[in-house]
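Residue-level listing of the chains:
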Amino acid sequence: MKHLNEDDLVLHYYGERQDPEAQRHLEACEECRAHLRSLTRVLDAMNRLEPPAPSEDYGNRVWQRIAPQLEPAPARWWAGWFAPRRLVAAAAMAALLVAAFLAGRVSQRRQIAGLSAPVRERILLVAVGDHLERSQMILAELVNNESKGPVDISGEQQRAEDLVGENRLYRQAALKAGDRAVSSVLDELERVLLEIAHSPSKLDSAEFDEIRRRIESEGILFKIRVVSTNLREREMPPASGKAGRSL
Amino acid sequence: MEQSDATAVAQVRAGNPDAYRVLVERHSHSVFRLAFRMTGNEQDAEDLVQETFLRAYRQIGRFDGRASFSTWLYRIAANCSLDLIRARKRRQEQQTPISDEGEDLGASLPAADPAPDRLAFSGELKQLLAPALQGLSPMERTAFVLRHYEGMCIEEIGRALGVNAGAAKHSVFRAVQKLRRTLEPALSSARS
């Protein structure tokens with residue numbers, strides 16, 4: 001029998017090749033045994049790569065984090081997104097988020113701290129509005145894509161990934177501000193973006209239809225437009241002589 | 001008596017999300033280990049654990065029970081990880097073009113032939129392992145982690161990653177080949 005090649009030896013190492021003839025050859029051939037020893041040294045060394053051990057209560061922490069996002073009907077997790085009460089609350093939630101920023105509970109953007117309150121307010125409103133607008137553009141592009149057959153969404157994915165980071169900051173700020181409702185909604189938005197970001201970049205028509213249906217069927221674009229319009233109105237400087245609108 | 005995975009899955013499918021807690025608490029550590037080996041980063045691994053359990057929850061209606069729940073969950077975790085690594089690679093490529101076959105191992109690793117007297121196996125060599133793994137292409141790394149650490153057979157890896165067994169096998173072979181190329185000089189030095 002000819003010598004075993006490296007692929008044979010890999011399969012042998014993992015016990016995926018139970019070939020009596022190969023086994024006999026290994027017993028008889030010092031050269032192949034030396035190759036196997038060398039391979040074994042490398043693969044055994046990889047066992048020393050130990051991930052850090054999470055704390056004992058790690059499972060509980062994961063559960064606490066995801067539990068608020070679970071709906072009773074798993075296959076339709078997004079169904080609650082656009083319930084009328086949620087829709088009505090959406091603009092208020094965005095406003096609450098901005099209010100949390102304005103209340104000084106978010107300190108990351110220190111350069112803003114030295115600005116006057118109205119200027120600071122407008123900057124933050126623009127930032128949140130811009131975030132929603134960019135989210136809306138991605139969703140609109142996906143919904144309006146009428147390609148038949150495989151669809152490449154790598155461009156949308158990359159932008160969604162960028163928005164996930166930003167969304168996470170807003171969500172954490174809301175969480176620090178103690179506003180569970182806002183953080184919960186941002187969690188959901190994050191999952192929509194994550195779903196896009198983590199989908200395969202090339203989708204077959206069924207997979208793409210499913211993503212599109214989720215976005216389209218419940219009116220997410222409408223909801224974002226409502227909130228964006230609301231924020232844009234708030235971005236306008238108050239007319240002279242009138243008191244600034246409170247958030 | 002401890003509730004089985006199958007019982008918990010059945011309860012979740014019957015509309016009781018709280019039953020999912022058993023599955024999350026039971027499998028979080030192992031999913032974290034898989035995610036960490038895939039990403040090499042604790043924060044990314046934690047995010048992937050959450051994403052994996054959320055995705056699994058949404059897809060639990062599709063779980064047909066032919067494989068164990070943990071195997072099914074690892075498939076989801078592996079795919080989440082693969083997506084993340086590919087996305088990260090795309091970003092890196094935009095900043096610094098790199099080979100499609102993975103990163104340039106030589107550029108990212110410490111010299112692989114330090115003098116034997118300077119190489120303590122459990123110390124310096126250990127530092128080579130993580131970069132060596134991270135230097136594999138996304139598909140190679142995923143296939144290797146599933147084969148080496150999770151004990152999945154080649155066929156299972158193919159099914160998990162949506163490729164045929166030949167492609168899965170090829171990815172494992174290439175991964176091992178690259179790891180050998182990177183680590184063998186150091187291992188030989190340590191022995192001499």
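Here is what the cut-offs are and how they apply
- Residues numbered from 1 in each chain as written.
- Chains lettered and ligands numbered in written order.
- Predicted model: local features only at pLDDT ≥ 70, side-chain atom pairs only at ≥ 80, totals over all residues.
- Helix = DSSP H or I, 4+ residues; strand = E, 2+ residues; numbered from the N terminus.
- Buried ≥ 20, exposed ≤ 12 C-beta atoms within 10 Å, placed from the backbone.
- Contact = placed C-beta atoms within 7 Å.
- Core = buried A, V, L, I, M, F, W, Y, C linked by C-beta atoms within 7 Å.
- pLDDT = per-residue confidence, 0-100.
- Nonpolar A, V, L, I, M, F, W, Y, C, P; charged D, E, K, R; others polar.
- Axes fitted to C-alpha atoms, helices over the stretch in contact; angles between N-to-C directions.
- Left-handed = near helix turned anticlockwise from the far one by under 90°.
- Parallel < 35°, antiparallel > 145°, perpendicular 65-115°, else oblique.
- Expected span 1.5 Å × (residues − 1).
- Arc of directions from axis to C-beta.

Counting secondary structure elements, chain B contains nine helices and zero strands. Scanning chain B from its N terminus toward the C terminus, one meets helices and strands in the order α-α-α-α-α-α-α-α-α. Expressed as a percentage of the 192 residues in chain B, the buried residues total 42%. Of the contacts made within chain B by residues no fewer than 6 positions apart, 65% connect residues no fewer than 24 positions apart.

Once that is clear, we can look at the overall build of chain A. Along the backbone of chain A there are eleven helices and two strands. Counting from the amino terminus, chain A carries its helices and strands in the arrangement α-α-α-α-α-α-α-β-α-α-β-α-α. Across the 247 residues that make up chain A, the buried fraction comes to 28%. Counted over contacts in chain A with a minimum sequence separation of 6, partners at least 24 positions apart contribute 73%.

This next bit is on the nonpolar core. One recurring pattern in soluble globular proteins: nonpolar side chains tend to sit buried together. Counting 63 residues, the largest nonpolar core has Ala 35 and Ala 77 of chain B as its most contacted members. Those residues in contact with Ala 35 of chain B that lie beyond four places of it in its chain are Ala 45, Leu 48, Val 49, Ala 77 and Ser 81 of chain B. Listed in part, the 21 residues of the second largest apolar core include Ile 153, Tyr 170, Leu 203 and Phe 208 of chain A.

Take the confidence of the model for chain B next. All names here are of chain B. On average, residues of chain B score 81 in pLDDT, and 81% of them reach the 70 mark or higher. When mean pLDDT is taken per element in chain B, helix H2 (residues 20-39) scores highest with 94 and helix H5 (residues 105-108) scores lowest with 38. Every residue in residues 98-119 scores below 50 in pLDDT, and together they form 42 contacts with partners more than four places removed in sequence or on other chains. Here the prediction assigns the complex a pTM of 0.55, and the interface score ipTM is 0.78.

Below, the discussion takes up the interface of chain B and chain A. Between chain B and chain A, the contact holds 47 residues from the first and 38 residues from the second. Elements that contribute at least two residues to the side of chain B that touches chain A include exactly H2, helix H3 (42-58), helix H4 (69-95), helix H6 (121-134), helix H7 (138-149) and helix H9 (165-191) of chain B. With eleven residues, H2 of chain B is the largest single contributor of residues to the side of chain B that touches chain A. Here the side of chain B that touches chain A is composed, by residue class, of 26 nonpolar, seven polar and 14 charged.

So, on to the packing of helix H4 (residues 58-66) of chain A against H2 of chain B. Orientation of H4 of chain A relative to H2 of chain B, taken along the N-to-C sense of each, is 115°, at an axis distance of 8 Å. Both H4 of chain A and H2 of chain B take part in a crossing whose hand is right-handed. Note on element contacts: H2 of chain B touches H4 of chain A through Arg 21, Val 24, Glu 25, Arg 26, Ser 28, His 29 and Phe 32 of chain B, opposite Tyr 58, Gly 59, Asn 60, Val 62, Trp 63 and Ile 66 of chain A. Tallied by class, the residues present in the contact of H4 of chain A with H2 of chain B amount to six nonpolar, four polar and three charged.

The next point concerns the packing of H7 of chain B against helix H8 (residues 154-161) of chain B. Residues and elements named next belong to chain B. Viewed as axis vectors pointing N to C, H7 and H8 meet at an angle of 135°, and their least axial separation amounts to 10 Å. Here H7 lies oblique to H8, going by the angle between them. Considering the relative orientation of H7 and H8, their crossing is right-handed. Where H7 approaches H8, its residues Thr 142, Ala 143, Leu 146 and Arg 147 are matched on the opposing element by Ile 157, Ala 160 and Leu 161.

We now examine H3 of chain B. For H3 of chain B, with 17 residues, the first-to-last C-alpha span of 24 Å sits near the 24 Å given by 1.5 Å per residue. Burial analysis of H3 of chain B places 13 of its 17 residues in the buried class, which makes it a mostly covered element.

What follows concerns the environment of Glu 156 of chain B. Residue and element names in this part refer to chain B. With respect to the secondary-structure elements, Glu 156 resides in helix H8. What makes Glu 156 partly exposed here is the crowd of 19 C-beta atoms within 10 Å. For the pair Glu 156 and Arg 75, spaced 81 residues apart in the sequence, the C-alpha separation amounts to 9.1 Å.

All names here are of chain B. Within helix H1 (residues 5-13) the residues assigned to the buried category are Ala 8, Val 9 and Val 12. Projected onto a plane normal to the axis of H1, the buried residues spread over an arc of 100° and lie on a single side. Facing away from the buried side of H1 by over 90 degrees, the exposed positions are Ala 6 and Thr 7. A positive phi of about 105° marks Gly 15, the residue just after H1.

Before going further, it helps to spend a moment on the confidence of the model for chain A. Residue and element names in this part refer to chain A. Overall, the prediction assigns chain A a mean pLDDT of 72, with 64% of residues at 70 or greater. No element of chain A has a lower mean pLDDT than helix H6 (residues 110-113), which averages 49, and none a higher one than H4, which averages 94. Within the model, pLDDT remains below 50 along residues 73-88, and this stretch shows 25 contacts once partners closer than five positions in the same chain are excluded. Overall, residues 239-247 carries pLDDT values under 50, and its contacts beyond four positions in sequence, including any with other chains, amount to nine contacts.

Let us look at the environment of Arg 88 of chain B. All names here are of chain B. By secondary structure assignment, the location of Arg 88 is in helix H4. Note on Arg 88: 15 C-beta atoms within 10 Å, which makes it partly exposed. Along the chain, Arg 88 and Pro 138 lie 50 residues apart, while their C-alpha atoms are 9.9 Å from each other.

Residue and element names in this part refer to chain A. In this fold, Pro 150 is placed in the loop between helix H7 (117-144) and strand S1 (151-152). Between the C-alpha atom of Pro 150 and that of Ser 201, which follows or precedes it by 51 residues, the distance is 9.8 Å. Those residues in contact with Pro 150 that lie beyond four places of it in its chain are Lys 202, Leu 203 and Asp 204.

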